[in-house]
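Tertiary structure, described
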Amino acid sequence: MEGTDRLRRLPGIDRLLSDCTELIARYGRQTVTDALRTAVDDAREAVRAGAAAPTSDALIAAAAALIARRRPPALQPVVNATGVVVHTNLGRAPLPEAARDALLAAAGYCDLEYDLATGRRGSRGGRLEPLLCDATGAAAALAVNNAAAALVLVLATLAGGRDVVVSRGELIEIGGSFRLPDIMGASGARLVEVGTTNRTRADDYLAGGGDAAAILTLHPSNYRIVGFVAQPTLTELAGVAAKRGIPLIYDVGSGLLQPSTGALTNEPAVADALRDGADIVLCSGDKLLGGPQAGLLFGRADLVAACRRHPLARAFRLDKLRIAALQATLELHLRDERREVPVWRMLTAHTAGLEQRCRRIVDGLVADGVPAELAEAAALPGGGAAPDATLPGPVVRVDAGRPTDVAMRLRAQRPPIVVRVTAAAIVVDPRTVDENDDDLIVSRLVAAHRASAR
Ligand SMILES: *Cc1c(COP(=O)(O)O)cnc(C)c1O
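All values reported here derive from a predicted model rather than from experimental measurement.

Analysis parameters
- Residues numbered from 1 in each chain as written.
- Predicted model: local features only at pLDDT ≥ 70, side-chain atom pairs only at ≥ 80, totals over all residues.
- Heavy atoms only, no water.
- Helix = DSSP H or I, 4+ residues; strand = E, 2+ residues; numbered from the N terminus.
- Buried < 20%, exposed > 50% of the residue type's maximum accessible area, 1.4 Å probe, protein only.
- Contact = heavy atoms within 4.5 Å.
- Areas by Shrake-Rupley, 256 points an atom, 1.4 Å probe, with all protein chains shown as cover.
- Core = buried A, V, L, I, M, F, W, Y, C linked by side-chain atoms within 4.5 Å.
- Axes fitted to C-alpha atoms, helices over the stretch in contact; angles between N-to-C directions.
- Parallel < 35°, antiparallel > 145°, perpendicular 65-115°, else oblique.
- Left-handed = near helix turned anticlockwise from the far one by under 90°.
- Nonpolar A, V, L, I, M, F, W, Y, C, P; charged D, E, K, R; others polar.
- Pairing = 2+ DSSP bridges.
- 1 Å grid on protein atoms, 1.4 Å probe; cavity = no way out; pocket = protein on both sides within 12 Å on 5 of 7 lines; lining within 4 Å.
- Points joined across faces, edges and corners; volume = space filled by probe spheres on them.
- Expected span 1.5 Å × (residues − 1).

Some words on the overall build of the protein chain
Across its full length, the protein chain carries 19 helices and 16 strands. Seen through its principal axes, the protein chain has C-alpha atoms that stretch 90 × 55 × 55 Å. Taken over 454 residues, the protein chain has a buried fraction of 48%. Taking all contacts inside the protein chain whose residues are at least 6 apart in sequence as the whole, residues at least 24 apart take part in 73%. As displayed, the protein chain has an accessible area near 22,000 Å², and 51% of this comes from carbon and sulfur atoms.

Notes on the nonpolar core
In terms of nonpolar packing, the biggest core is built from 38 residues, with I215, L296, F298 and L326 touching the most fellow members. A per-element tally of this core places helix α11 (residues 234-244) first, with five residues. Each residue touching I215, except ones within four places of it in the same chain, is listed here: V165, Y205, L237, V240, A241, I246, P247, L248 and I249. A140, V166, V304 and F316 belong to the second largest nonpolar core, which has 34 residues in total.

Looking at the packing of helix α18 (residues 403-411) against helix α19 (residues 438-453)
The N-to-C vectors of α18 and α19 enclose an angle of 130°; their axes lie 9 Å apart at closest approach. Judged on the interaxial angle alone, α19 and α18 are oblique. The hand of the α18/α19 crossing is right-handed. Here D405, V406, R409 and L410 of α18 lie close against α19, whose contacting residues are R444, L445, A448, H449, A451 and S452. When its residues are assigned to classes, the contact of α18 with α19 shows five nonpolar, two polar and three charged.

A short note on the pairing of strand β15 (residues 417-421)
In this structure, strand β1 (residues 79-81) lies alongside β15, joined through three bridges in parallel fashion. Residue pairing across strands places N80 opposite V418, the latter belonging to β15. The loop that links β15 with its antiparallel partner strand β16 (residues 426-428) comprises four residues.

Some remarks on the layout of surface pockets
Empty space among the atoms becomes apparent when a probe as large as a water molecule is rolled across them. When its volume is computed, the largest pocket comes out at roughly 1,500 Å³. Along the wall of the largest pocket there are 45 residues; nearest its centre are P94, L95, R100, P342 and M346. Secondary structure elements with two or more residues in the lining of the largest pocket: β1, α6 (97-105), α15 (320-334), α16 (342-347) and α17 (351-367). Looking at side-chain class alone, the lining of the largest pocket contains 21 nonpolar, 11 polar and 13 charged residues. By volume, the second largest pocket is sized at about 650 Å³. Residue lining of the second largest pocket: 30 residues in total, with E170, L218, H219, P220 and Q231 positioned closest to the centre. Elements that contribute at least two residues to the lining of the second largest pocket include exactly β9 (214-218), α11 and α12 (270-275). With three residues, the single largest contributor to the lining of the second largest pocket is α11.

Here we look at the side chain of S260
In this fold, S260 is placed in the loop between β10 (248-253) and α12. With a relative accessible area of 19%, S260 lands in the buried category. When neighbours within four sequence positions are excluded, S260 is seen to be in contact with T265 and W344.

Section: the sheet that holds strand β8 (residues 190-194)
Spatial ordering of the open sheet is given by β4-β12-β11-β10-β9-β5-β8, a layout of seven strands whose pairing is mixed. On the outer flanks of this sheet lie β4 (140-144) and β8, each paired with one strand and no other. Strand-to-strand twist of the sheet, defined as the mean angle between neighbouring strand axes without regard to direction, takes the value 25°. One ladder, built from five bridges, connects β4 with strand β12 (residues 295-299); its direction is antiparallel. Bridge assignment links A143 to a residue of β12, and that residue is L296. Contacts from helix α7 (residues 129-136) reach β4 and β12, with the element oriented near 120° to β4.

What about the sheet that holds strand β13 (residues 372-379)?
Reading across the sheet, the five strands line up as β1-β15-β16-β14-β13 and stay open at both edges, with mixed pairing between neighbours. Taken across any chain shown, the strands that pair with only one partner, and hence form the sheet edges, are β1 and β13. The mean angle between the axes of side-by-side strands here comes to 40°, regardless of whether they run parallel or antiparallel. Taken strand by strand, α18 contacts β15 and β16, and its axis lies near 165° from that of β15.

Topic: helix α8 (residues 147-159)
Under the 1.5 Å per step criterion, the end-to-end length of α8 is 17 Å for 13 residues, consistent within 8% with the ideal 18 Å. The buried fraction of α8 is high, at 11 of 13 residues. Along α8, the positions that sit buried rather than exposed are A147, A149, A150, L151, V152, L153, V154, L155, A156, L158 and A159. Taken from the residues just after α8, G161 is the one with a positive phi, measuring 75°.

Observations concerning the environment of V421
For V421, the location among the structural elements is in strand β15. The class for V421 is partly exposed, based on a relative accessible area of 36%. Spatially, the C-alpha atom of V421 lies 37 Å from that of A324, the residues being 97 residues apart in sequence. Contact partners of V421, with chain neighbours within four places excluded, come to P403, T404 and A407.

Some remarks on the packing of α6 against α15
Between α6 and α15, the shortest axis-to-axis distance is 8 Å and the interhelical angle comes to 150°. Taken together, the axis directions place α6 and α15 in an arrangement best described as roughly antiparallel. The way α6 lies across α15 gives a crossing that is right-handed. Of α15, the residues touching α6 (which contributes A98, A99, A102 and L103) are L321, A324, A325, A328, T329 and L332. Each residue belonging to the contact of α6 with α15 can be placed in one class, and the counts come to nine nonpolar, one polar and no charged.

As far as function goes, none of this settles anything; it's purely spatial.
If you want it as structure tokens, here you go:
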């Protein structure tokens, strides 16, 4: 057949559309039409190059594949069996039940900025700020979209167009391209580096940046410099800032409001930082606080008020869903019901309980012929918190013949199960798994192991 004849055999878009009812219902008519056009154009090119004309079904399948590539499915829940508690790639902190209820309640019309008693306009921030102050002893507080936004807002307000003194040992990068020098640049503040990577003294902060508007110090939340190191204490830094008559800003990162023990012993807490003399303390609302992503700032009333008045505060303000979820999470902390906060429950889970769950999982697997055993491994707080802290605890080790293949099969179903994979084994850490999902993990692992061994 001549090329032009074969071209004529390609079906028209309207005819193809009439066979695409399901695709249209799922993605909309325009999207499907566009994808069919692309598929037909591609086919025309292939035919000109000598290929046979594809069938209608093949063209529709090609269009469906094009759409699927451009339009990923909605976010879906995942079973996190990795043992990384605040897992950045899996949505950081899983919200407490109360926070989930609160954000659903706020999803429709709600009294976000409306005073139900007077029928007049109410305050959006008034809901969170007293809670934030009560939980930390801060004089004033403000919540914005994330910790990066909080830092930009504070620097723009207190040091826009001026110098800010930072130790060379703290010019850090946090995941997701948060580079401190870039963040500072975006705020309009100029970075004045003092000290060296491993040693910075109080005197360096005293001398650096003659006309500086603030001193900034950061908790190096995802790394440690060890060995021949020096960094003044927060109290010493506060002394330097007072002598210079400029504020001390401290980004503690993780959202620990009050000091804690165990794996979190070395994590700086907001309450301690304020007591030790920081004028403004910043942290994240998820990570160790265990709520929705948010950036929190605490401290001197005049400085917080200035931040609240800055135009960027409007650009960074929280929406109703996160206000609702954060309020519910803070209330749990204030009522000492941290066991209702999944991040806290997981970080403080007892070894005995975890071991019992591991044994049940191992028994279930072994009964179905999967080589599994109890092992010891270290879970991680994760999410750029407590980098040198590990949470030793029992795990299930499965000696899968092809661990990456088994892991892929576990991810391919709903809900996907994400496990840790080592060179020779699959590791399931129950710490980050809801106990109700233990049986699902067993049955899926059995099926994946069988399919992989075939
Ligand atoms: C995680 C972290 C941030 C960034 O927090 P986001 O909420 O992701 O913006 C900033 N500073 C420190 C010290 C952190 O640990």
